[in-house]
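Remarks on the overall topology
So you can see what is in the structure, the chains are spelled out below.
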Amino acid sequence: MKTIFRATRDFERHVRQDLERPHQFAAERVGFLSVRAASTGKALVLLADRYHPVADEDYVDDRRVGAMMGQEAIRKALEIALLDPVGMFHIHMHEHRGRPRFSPIDLREQLKFVPDFFKVRPEMPHGAIVFSHDRAAGRVWVGPARIHEIGEFNTIGQPVDIQSASRRRLRFFA
Amino acid sequence: MTLERDFSRQSFLGAESELVLGDVRAFVAGLGGGGSHVAQQLAHVGVGEVRLVDPQAIEASNLNRLVGATQMDVKAHAPKANIARRLIRGVRPWVKVETAQSDWQAADDLLKDAHVVFGCVDGYRQRMYLERAARRFCLPYIDIGMDVSELGEGHYAVAGQMIVSLPGGPCMRCMGFLTQDRLNREENAYGDAGINPQVVWTNGTLASLAVGAFVQLFTPWFKLDRTYEWLELDGNSQTVSRSRQPDYSVSGPCPHFASGDLGQPDFSLN
């Protein structure tokens with residue numbers, strides 16, 4: 001089943017602007033997106049609803065990584081999913097243009113906290129997204145241990161942008 | 001470039017426009033006079049996937065404007081969606097076409113993962129429902145429609161609209177197009193010159209405006225910063241102009257669609 005992440009252009013602009021803000025000691029900012037969802041027989045559609053920046057005081061001073069969230073940041077994100085029927089997606093940004101990729105540290109850390117969202121909101125998908133200045137990549141959990149790549153990102157606005165993983169591969173091998 | 005894929009005459013849309021348009025999944029509700037033109041033009045510009053939904057089969061009275069239809073289709077009571085599929089495949093055999101002979105509400109699986117919704121339906125209420133569905137799944141909505149009103153004995157006003165409604169921007173109620181007065185009047189009658197008067201030249205003009213707005217949205221050939229569009233067609237003077245109604249009606253963020261009104265309310269992975 002193909003997974004599509006969809007957000008308005010204004011929403012994405014707002015998120016990028018927030019993630020670009022400098023932090024007192026962290027090299028980058030992180031946050032969470034709450035999403036609503038829809039499905040067809042062939043696709044899972046994730047619809048960006050709200051952005052929840054991690055508060056300044058909820059970062060841990062760990063200079064080995066760009067940003068490290070403390071337990072309080074995760075607790076607040078879990079609470080959002082507990083109170084509202086939404087999926088939660090961790091988000092951060094890499095400072096470049098073109099398609100971003102999760103670092104090995106990103107992948108390792110996601111496994112520590114994303115499955116926890118199923119304890120409070122098991123019927124919704126959760127996951128992680130990384131933005132670059134103009135592109136995005138992500139992974140969706142459709143169960144505590146069932147992970148898929150987000151196959152398509154749609155930015156809805158003027159102009160509409162469709163980022164399709166399959167199109168990129170076609171171009172790469174052409 | 002092949003015989004089937006030569007888009008050189010629209011290369012001004014950008015080096016990647018063929019790929020971008022080839023990735024688009026377009027949902028067209030209503031395959032009558034307006035929708036059949038839209039479907040045909042989507043094939044010409046190279047949209048890769050088109051979902052066609054209309055509950056009706058063709059009737060003899062449709063032949064005055066339904067492009068692609070034949071006398072044989074009337075005899076066979078062919079579904080309008082199937083006629084549009086044949087029309088598309090005749091232009092671009094590689095286009096993926098899905099059809100549903102049903103109300104669009106019954107085919108909403110074809111809408112949720114589309115990239116754009118074309119509303120070519122009759123009536124204000126149906127437009128309102130369709131725009132609401134597009135907002136729910138965060139999709140651009142492009143609406144066309146025409147109407148004929150009697151001015152006096154033997155004199156008629158032919159008019160139409162093409163509206164682009166984008167999630168996060170003003171909706172058709174904000175713009176002043178969908179008003180309670182119009183919805184109420186529709187309960188009684190739609191147009192004064194019989195039921196749903198439609199003519200091919202006006203349908204074609206409005207469909208062209210819609211497809212132009214779509215292409216401008218997906219492969220812009222000049223920079224536009226609008227969050228909506230409402231073009232009015234005066235079918236009597238054959239002129240198109242930007243409606244000034246939104247200048248008076250739009251004030252601030254759209255209050256009609258709350259952020260929580262996204263997705264399927266009953267969604268569950270299980």
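Just above sits the structure.
The text that follows walks through the structure, step by step, so that each part is easy to find. (Residues numbered from 1 in each chain as written. Chains lettered and ligands numbered in written order. Predicted model: local features only at pLDDT ≥ 70, side-chain atom pairs only at ≥ 80, totals over all residues.)

**A look at the overall build of chain B**
What counts is decided by this rule: We count a stretch as a helix when DSSP gives it H or I for four or more residues in a row; a strand needs E for two or more, and each element gets its number in order from the N terminus. Radius of gyration here is computed from C-alpha atoms only, and the compact-globule reference equals 2.2 Å multiplied by the residue count raised to the power 0.38. To sort residues by burial, count the other C-beta atoms lying within 10 Å of each one's C-beta; a count of 20 or more means buried, 12 or fewer means exposed, and anything in between means partly exposed. C-beta atoms are built from the backbone. Whether two residues are in contact is decided by their C-beta atoms, placed from the backbone, lying within 7 Å.
Secondary structure assignment for chain B yields nine helices and eight strands. For chain B, the C-alpha radius of gyration of 18 Å lies close to 18 Å, the compact-globule estimate for 270 residues. Expressed as lengths along the three principal axes of its C-alpha atoms, the size of chain B is roughly 55 × 45 × 45 Å. Burial analysis of chain B (270 residues in total) assigns 44% to the buried set. For chain B, long-range pairs separated by at least 24 residues make up 71% of all intrachain contacts whose partners lie at least 6 apart in sequence.

**Points about the overall build of chain A**
Helix and strand content of chain A: five helices and eleven strands. Against the globule reference of 16 Å for 174 residues, chain A gives a C-alpha radius of gyration of 15 Å, in line with a compact fold. Taken along its principal axes, the extent of the C-alpha atoms in chain A is 45 × 35 × 30 Å. Residue burial in chain A is summarised as follows: out of 174 residues, 41% are buried.

**Comments concerning the sheet that holds strand β3 (residues 43–53) of chain A**
Residue and element names in this part refer to chain A. How we decide: A pair of strands counts as paired when DSSP detects no fewer than two bridges linking them. Throughout, an axis means a line fitted to C-alpha atoms (over the contacting stretch in the case of helices), and angles, computed between N-to-C directions, take values from 0 to 180 degrees.
Ordered by their spatial adjacency, nine strands build an open sheet running β9-β8-β7-β6-β2-β3-β1-β10-β11, and the pairing between neighbours is mixed. The open sheet is flanked by β9 (146–149) and β11 (161–164), the only strands paired with a single partner. Each strand axis lies, on average, 25 degrees off the axis of its neighbour in the sheet, ignoring direction. Pairing analysis gives six bridges linking strand β7 (residues 126–131) to strand β8 (residues 136–143), with the strands arranged antiparallel. Within β8, the residue paired with G127 across the bridge is V140.

**Brief notes about the pairing of β8 of chain A**
Residue and element names in this part refer to chain A. Most of β8 sits inside the fold, with six of its eight residues counted as buried. As consecutive antiparallel partners, β7 and β8 are separated by four residues. In the sheet, β8 pairs with β9 via four bridges, with the strands oriented antiparallel. Note that in β9 the partner of R139 across the bridge is E149. Count of turn residues in the β8/β9 antiparallel hairpin: two residues.

**Some points on the sheet that holds strand β7 (residues 228–234) of chain B**
Residues and elements named next belong to chain B. If you trace the eight strands from one edge of the open sheet to the other, you get β3-β2-β1-β4-β5-β6-β7-β8, paired in mixed fashion. The open sheet has two edge strands with one neighbour each: β3 (96–100) and β8 (239–242). Within the sheet, the average angular offset between the axes of one strand and its neighbour, ignoring direction, is 20 degrees. Across the sheet, helix α2 (residues 33–45) touches β1 (25–29), β2 (49–53), β4 (116–119) and β5 (141–152), and the angle it forms with β1 is around 165 degrees. Packing of helix α8 (residues 200–218) onto the sheet brings it into contact with β4, β5, β6 (155–165), β7 and β8, and relative to β5 it is tilted by some 155 degrees.

**Details of α2 of chain B**
Residue and element names in this part refer to chain B. How we decide: Here the expected span of a helix is defined as 1.5 Å times the quantity of residues minus one.
Between its first and last C-alpha atoms α2 spans 19 Å; for 13 residues at 1.5 Å apiece the expected length is 18 Å, and the two agree. Here α2 lies mainly inside the structure; eleven of its 13 residues are buried. Along α2, the residues classified as buried are G33, G34, G35, S36, H37, V38, A39, Q41, L42, A43 and V45. Positive backbone phi, approximately 100 degrees, marks G46, located one or two places after α2.

**Describing the interface of chain A and chain B**
It is common to give the size of an interface as the accessible area lost on bringing the parts into contact. Put simply, the rule reads: Charged means Asp, Glu, Lys or Arg here, nonpolar means Ala, Val, Leu, Ile, Met, Phe, Trp, Tyr, Cys or Pro, and polar covers whatever is left, Gly included.
Each partner contributes to the interface: chain A provides 28 residues, whereas chain B provides 30 residues. Of all elements in the fold, only β1 (2–8), β2 (30–39), β3, β10 (152–156) and β11 of chain A reach the threshold of two or more residues within the side of chain A that touches chain B. Here the side of chain A that touches chain B gets five residues from one element, more than from any other, and that element is β3 of chain A. Taken together, the residues of the side of chain A that touches chain B sort by class into 13 nonpolar, eight polar and seven charged.

**Focus: the pairing of β7 of chain A**
All names here are of chain A. Taking burial as the measure, the six residues of β7 include six buried ones, the bulk of the element. Pairing geometry for strand β6 (residues 87–93) and β7, over five bridges, is parallel. If you follow H92 over to β7, its bridge partner there is V130.

**Points about unusual backbone geometry**
With omega at 0 degrees, the peptide bond leading from Q158 of chain A into P159 of chain A counts as cis. Tracing the backbone shows P159 of chain A in the loop between β10 and β11. Of note, Q238 of chain B is a non-glycine position whose phi angle comes to about 55 degrees, a positive value. Along the chain, Q238 of chain B turns up in the loop between β7 and β8. Q238 of chain B sits in the exposed class, given 11 other C-beta atoms within 10 Å.

**Section: the nonpolar core**
How we decide: Put simply, a nonpolar core is buried Ala, Val, Leu, Ile, Met, Phe, Trp, Tyr and Cys residues tied into one set by C-beta atoms within 7 Å.
Judged by nonpolar contacts, the single largest core of 118 residues is most densely connected at V28, A39, V117, F118 and A210 of chain B. In this view, V117 of chain B contacts F27, A29, L111, L130, A134, L139 and Y141 of chain B; residues no more than four positions away in its chain are not counted.

**Examining the environment of I88 of chain B**
All names here are of chain B. Tracing the backbone through its elements, the reader meets I88 in helix α4 (residues 80–91). Overall, I88 belongs to the buried group, with 23 C-beta atoms counted inside 10 Å. Residues contacting I88, with those up to four places away along its chain left out, are A39, A43, V50, V95 and V97.

**Digging into helix α6 (residues 124–136) of chain B**
Residues lying three or four places apart along an α-helix face the same way, a consequence of the helix completing one turn every 3.6 residues. Residue and element names in this part refer to chain B. With 13 residues, α6 should reach 18 Å at 1.5 Å per residue; the first-to-last C-alpha distance of 18 Å fits that figure. When we look at burial in α6, the residues that qualify are Y124, R127, L130, E131, A133, A134, R135 and R136. Looking at the packing, one finds that the buried side of α6 touches β1, α5 (109–112), β4, β5, β6 and α7 (180–186). With its phi angle positive at about 55 degrees, C138 sits one or two positions after the end of α6.

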